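# A structural walkthrough
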Number of protein chains: 2
Amino acid sequence: MNDQHRIDRIEVTPFAIPLTTTVKFATGSLSAAEHLLVTVHTESGVTGTAEAIPRPMIYGETTVSIAFAIENLIAPALTGMSIFDTAQFEHRLRHLAGNVAAQSSVEIAIFDAIGNALGVSSHSLLGGFAPDVRCTAILGSGSPEVVIGEADELKETLGITSLKVKVGLDLAADIELVTRVREHAPDALIYVDANHGFSAAEAVRFVRATEGMLDWIEEPCAADEVLGRASVVAASTVPILGDESCITTREVVNEVLGARSTMIGLKLQRTGITQSQRIREFCTALGVPILVASQGDSGIGTRVSASFAAAQGSTATQPAELAYFLHLENDLLAHPPLIENGRLAVGDEPGFGITIDADKLTHYRTDGK
Amino acid sequence: MNDQHRIDRIEVTPFAIPLTTTVKFATGSLSAAEHLLVTVHTESGVTGTAEAIPRPMIYGETTVSIAFAIENLIAPALTGMSIFDTAQFEHRLRHLAGNVAAQSSVEIAIFDAIGNALGVSSHSLLGGFAPDVRCTAILGSGSPEVVIGEADELKETLGITSLKVKVGLDLAADIELVTRVREHAPDALIYVDANHGFSAAEAVRFVRATEGMLDWIEEPCAADEVLGRASVVAASTVPILGDESCITTREVVNEVLGARSTMIGLKLQRTGITQSQRIREFCTALGVPILVASQGDSGIGTRVSASFAAAQGSTATQPAELAYFLHLENDLLAHPPLIENGRLAVGDEPGFGITIDADKLTHYRTDGK
């Protein structure tokens, strides 16, 4: 049956969905989700869908570079490949550097197509460990009152009790913020993300001052500060989560074996399926905790991330960052994800459960078609 | 559709197929393949099949212990589980120690059932990298003339040019044997397996004396000789393959990170599918070569091992030990595997391609039914 499902062409459609509030990062801010819809078509007529998310400040990719790479570098390499021969994906693209979002989106769309061809959920095909996964919300920046207010609303409306607090700009204010949030929510799961904002010396002071308050600490200081980062790990009583310092498998291996990250954040939008599985199994082999993190996914990527996270015990038993799509004013999905009691159910629709609403696509696509 | 395919019961049938020649090991000899046929039945009527291979001298299991463990410990834990929820397998059996062949056979049968339920080959579902895999034959012991004669016959009749030579009993004779075999077959891939037969000091002498002759060296000395083993790795210009010292994921991690094994042999019959995938991805993450080795599989296990090996690039590009079934006078399969031009094709039958011949089963089963 493989012969029926050879890749015929890959379609790329840019779209932009406004955010209901401007989202601020250490490296900039976003007022819309300007992503690309990626659809793999097979000769049998089966399709698979994913989104590609440009992050020029992190991976160097833009909407233009992603579309060009998929159409001119990736599609020619994959045309004629059976969607089932997933292990061929890396091999056929072994000479293409970077382009992580472009490559990942196509690989995810291929795995979606497999589920669609078989009428089975990708979640089941990837392991089917748990029917749902606990969601973490990433809180916006602001005064302790504003942050606590947002946390209260998330708990009240969606049952979310796993919170990620952004820090790394002002050591004293950050310690105060964490102290206040923890006092207000003694039972919540709380971690912080400094996005490399502290020096190693500041980070050591931060982990000492917040001892007993946090569940883990993400990217306290730059991984380039190699010995300093190790000193933060040594000073901390909770895991130090590696995210932007641990993108590729090789980075994960080096940071974990060097004891500079003791927990790993995985993003499907940058490492796709095969490499994400490799990183997950590497961490599992070493007993290093691992969670599925957010690349600012719309509902499309959220379904993929949730399915992948829930599929294996190592990620299903950690909270996953699945609430970003709530910032979007709408979604391309006919049925956007629902967070209930703080959890997101993966369902058992075929593939990753991605059904695009044609009217929404017409409204939000930016290619004038 | 998962609900249709819940595990209903697991059937265990012992069988014994005589070997055409007695196979000698360092720890004993075998004159028959006394294995167990394991069949997972789902509520939908779909089945999955595997074999379990007792190796009391290696894993402590017997035909009796395997049958009892499957029927009384494993089946009750898995009954009602969807075959698709493969990540639940380890979780549900997390309190069961050892019993590696019992657990692996059931997990393999579950993956076979998934392929049968979907009408797709397990090889495709596991990655589908290559349509076939190069076969290694494990040569019997004897004088250089006898060993060379067997190698010649394997090349002539089956095109096999990847050879594993058993050493570890007599250092001088082994060096002479390797020298003669390499002289006779300068283009073959040749490795040796000492099965821990040398001391570390002897092993260092062996690797020096055979420098330039071998592609890698398996288990030169006991892994318990921890520093000695590391000294063998340091002395060798080719990889030191870990097999019986690297069974569990934890052993692989420790031996690889301790640089006491620089290549890994994987046996599906002891680590099943999920743990084998974890070990394979761990090694791939570190760039450590890995091959699929033999547990003395009949045609049934051979199909499983070949499908798994060919499914991902890391194992598909190494030879796999798939020729043991040639020692059996017959097989339970309706269509036993064929080695042609030194390679075994995985085909695209559903599951692992295991179709049992009812007449053969009646003839070789040992439970009097």
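Given the structure is predicted, the values throughout are model-derived calculations rather than measurements. (Residues numbered from 1 in each chain as written. Chains lettered and ligands numbered in written order. Predicted model: local features only at pLDDT ≥ 70, side-chain atom pairs only at ≥ 80, totals over all residues.)

## Focus on the domain arrangement of chain A
Residue and element names in this part refer to chain A.
- What the domain assignment lists for chain A is domain 1 (2-120 + 358-364) and domain 2 (124-345).
- On a C-alpha basis, the centroid separation for the pair domain 1 and domain 2 is 24 Å.
- At the interface, 34 residues of domain 1 touch 27 residues of domain 2.
- Broken down by secondary-structure element, the contributors of at least two residues to the side of domain 1 that touches domain 2 are β1 (7-25), β2 (28-42), β3 (47-52), α2 (87-92), α3 (100-118) and α14 (358-364).
- Residue composition of the side of domain 1 that touches domain 2, grouped by class: 21 nonpolar, 7 polar and 6 charged. (Domains from an automatic or database assignment. Contact = placed C-beta atoms within 7 Å. Helix = DSSP H or I, 4+ residues; strand = E, 2+ residues; numbered from the N terminus. Nonpolar A, V, L, I, M, F, W, Y, C, P; charged D, E, K, R; others polar.)

## Looking at the environment of Gln318(A)
Residues and elements named next belong to chain A.
- Tracing the backbone shows glutamine 318 in the loop between α13 (313-316) and β11 (320-321).
- Using a count of 20 C-beta atoms within 10 Å as the deciding quantity, one classes glutamine 318 as buried.
- As a C-alpha pair, glutamine 318 and valine 133 span 185 residues in sequence and 7.9 Å in three-dimensional space.
- Setting aside anything within four residues of it in sequence, one finds glutamine 318 in contact with Pro289, Ile290 and Leu291. (Buried ≥ 20, exposed ≤ 12 C-beta atoms within 10 Å, placed from the backbone.)

## Points about the pairing of β3(A)
Residue and element names in this part refer to chain A.
- With 5 of 6 residues buried, β3 is to be regarded as a mostly interior element.
- With 6 bridges joining them, β2 and β3 adopt antiparallel strand pairing. Its bridge partner lying in β3, leucine 37 is registered against glutamate 51.
- Where β2 folds back on β3, the antiparallel hairpin that results is connected by 4 residues, among which glycine 45 adopts a positive phi of roughly 95°. (Pairing = 2+ DSSP bridges.)

## Focus on the nonpolar core
- Residues Val38(A), Val165(A), Val38(B) and Val165(B) are the most contacted members of the largest nonpolar core, which totals 222 residues.
- When sequence neighbours within four positions are dropped, the list of residues in contact with Val165(A) reads Leu139(A), Val147(A), Leu177(A), Val178(A), Val181(A), Ile190(A) and Val192(A). (Core = buried A, V, L, I, M, F, W, Y, C linked by C-beta atoms within 7 Å.)

## A word on helix α1 (residues 63-78) of chain B
- Along α1(B), the sharpest kink reaches roughly 40°, centred on Ile70(B).
- Here α1(B) has its buried residues at Thr63(B), Ile66(B), Ala69(B), Ile70(B), Ile74(B) and Leu78(B). (Bend = angle between axes of the 7 residues up to and from the residue.)

## Some thoughts on the environment of Met213(B)
All names here are of chain B.
- Mapping methionine 213 onto the fold places it in the loop between α7 (200-209) and β7 (216-218).
- On the basis of neighbour counts, which here come to 16 C-beta atoms within 10 Å, the residue methionine 213 falls in the partly exposed class.
- With 178 residues separating them along the chain, methionine 213 and histidine 35 place their C-alpha atoms 36 Å apart.
- For methionine 213, the contacting residues outside a window of four places in its chain are Val178, Thr179 and Arg182.

## Some points on the interface of chain A and chain B
- Facing 29 residues of chain A, the contacting portion of chain B comprises 29 residues.
- Of all the secondary-structure elements, those providing two or more residues to the side of chain A that touches chain B are α2, α9 (249-257) and α11 (274-286) of chain A.
- Sorting elements by how many residues they give to the side of chain A that touches chain B places α11(A) first, with 7 residues.
- Of the residues that constitute the side of chain A that touches chain B, the class distribution is 11 nonpolar, 14 polar and 4 charged.

## Quick look at the environment of Ala345(A)
- For Ala345(A), the location among the structural elements is in strand β13 (residues 343-345).
- Setting aside anything within four residues of it in sequence, one finds Ala345(A) in contact with Pro131(A) and Asp132(A).

## Notes on the relation of the copies chain A and chain B
- Each copy superposes on the other: chain A lies on chain B with an RMSD of 0.0 Å after a rotation of 180° and an axial shift of 0.0 Å. Expressed as an axis order, the relation between the two copies is that of a two-fold axis. In terms of proximity to the rotation axis, the leading residue of chain A is Phe282(A), whose C-alpha is 2.3 Å off the axis.
- Residue by residue, 100% of the interface of chain A is reproduced at the interface of chain B, so both copies engage with the same surface. (Least-squares fit on C-alpha atoms with pLDDT ≥ 70 in both.)

## Observations concerning the pairing of strand β4 (residues 132-138) of chain A
Residues and elements named next belong to chain A.
- The buried fraction of β4 amounts to 5 of the 7 residues, a majority that puts the element mostly inside the structure.
- As judged from the 3 bridges shared by β4 and β13, these two strands associate in the antiparallel manner. Looking at the pairing, arginine 134 lines up with arginine 343 of β13.
- Where β4 meets strand β5 (residues 162-166), 3 bridges bridge the pair, whose relative direction is parallel. By the bridge assignment for β5, alanine 137 is matched with leucine 163.
- Since β4 and β5 lie parallel, the crossover through helix α5 (residues 144-158) that links them has a hand, and here it is right-handed. (Right-handed = clockwise from strand over helix to strand, strands pointing away.)

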